[in-house]
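# Fold and contact review
If you want the building blocks of each chain, they are given just below.
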Amino acid sequence: MRNKNKKNRWISWILTLAMLCSLLQTSAVPAFAADAAGSGVDISSAKDLNDDTNPVATTGTYKISGTRQNPVKITATGKVVLVLDGVTISTATSPIELGDGAKVTLVVKDNTTNVLTCTATNLTTDNSGKTAGILVPETASLTIDRASGATGTGKLSVTGGYGGAGIGGSRTDPTNNK
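Attention here is on the structure that accompanies the text.

### A few points about the nonpolar core
Val72, Leu82 and Ile96 are the most contacted members of the largest nonpolar core, which has 23 residues in total. When contributions to this core are tallied by element, the ones reaching two or more residues are β2 (60-68), β3 (72-74), β4 (79-91), β5 (96-98) and β6 (103-108). At five residues, the largest contribution of residues to this core is made by β4. For Val72, the contacting residues outside a window of four places in its chain are Leu49, Val56, Ile64, Leu82, Ile89, Pro95, Ile96 and Glu97. Among the nonpolar cores identified, the runner-up in size contains seven residues, and Val41, Val107, Ala147 and Ala150 belong to it.

### Things to note about the pattern of salt bridges
It is possible for side chains bearing opposite charge to pair when their charged atoms get close. For the coordinates displayed, the defined rule picks out four salt bridges. In this structure, the salt-bridge partner of Asp85 is Lys63, at a minimum N-O distance of 3.8 Å. With Asp85 in strand β4 and Lys63 in strand β2, this pair connects stretches of sequence that are 22 residues apart. For the salt bridge of Lys130 with Glu97, the shortest nitrogen-to-oxygen distance reads 3.1 Å. Placement of the pair is Lys130 in the loop between β7 (113-118) and β8 (134-135) and Glu97 in strand β5, with a sequence separation of 33 residues. By relative accessible area, which is 29% here, Lys130 ends up partly exposed.

### Digging into the side chain of Ser94
Following the sequence through the fold, Ser94 ends up in the loop between β4 and β5. In terms of polar contacts, Ser94 uses its side chain to reach the backbone carbonyl oxygen of Ala132, at 2.8 Å. Other than its neighbours up to four places away in sequence, Ser94 contacts Pro71, Cys118, Lys130, Thr131, Ala132, Gly133 and Leu135.

### Section: the sheet that holds strand β11 (residues 167-168)
Taking strand neighbours across the sheet as the criterion, the four strands line up as β3-β5-β8-β11 in an open arrangement whose pairing is parallel. Whereas interior strands pair on both sides, the edge strands pair on one side only; in this sheet they are β3 and β11. For β5 and β8, the ladder comprises two bridges, and the chain directions are parallel. Residue pairing in the sheet places Ile96 in a bridge with Ile134 of β8.

### Overview of the pairing of β4
As paired strands, β2 and β4 are joined by eight bridges and run parallel to one another. By the bridge assignment for β4, Ile64 is matched with Leu84. Looking at chain direction, β4 and β6 are connected through six bridges and run parallel. Bridging from a neighbouring strand, Lys79 pairs with Lys103 of β6. Note that β4 and β7 share four bridges and pair parallel. Each bridged residue has a counterpart across the sheet, and for Thr91 the counterpart in β7 is Cys118.

Conventions we followed
Residues numbered from 1 in each chain as written. Predicted model: local features only at pLDDT ≥ 70, side-chain atom pairs only at ≥ 80, totals over all residues. Heavy atoms only, no water. Core = buried A, V, L, I, M, F, W, Y, C linked by side-chain atoms within 4.5 Å. Buried < 20%, exposed > 50% of the residue type's maximum accessible area, 1.4 Å probe, protein only. Helix = DSSP H or I, 4+ residues; strand = E, 2+ residues; numbered from the N terminus. Contact = heavy atoms within 4.5 Å. Salt bridge = Lys/Arg side-chain N within 4 Å of Asp/Glu carboxyl O. Polar contact = N/O pair within 3.5 Å; in protein donor to acceptor, adjacent residues only side chain to side chain. Pairing = 2+ DSSP bridges.

Laid out in structure tokens, this is it:
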């Protein structure tokens, strides 16, 4: 009976320790994750991206800034770096939409505020249900990083519209209003 009590006491201590660890603040985790990501992304060759409806169909490094009227659609299946340099996009569809197979690294420049907002209030054929702030299909990948030598002080606010996540997916069938 004595061995059983020791075993139960040992399990109690382990459970108590696990509960205490779960109460600790995790504010050190983001700093560790940022350090683990590396030294940032080289954005010195970034090309200004026009505010039009043409998709980004080739790999490369692109920069967007200012107030834009059109969403950014990335259809390239290779690596694309998209630099946010004080940009505001407010559209009825996803402000940034990644295509199937896209591999995008989003760089938020230091000391900038960037706001991406989908204004959709319902699902329509016009928005095709693409209402996430940054639409990332299952077959695409999105990494958020900082520029080489930067400290990561840029700000990014992403808001999805009706049925859409801030970053991720959204409801893609406008005829299904359940």
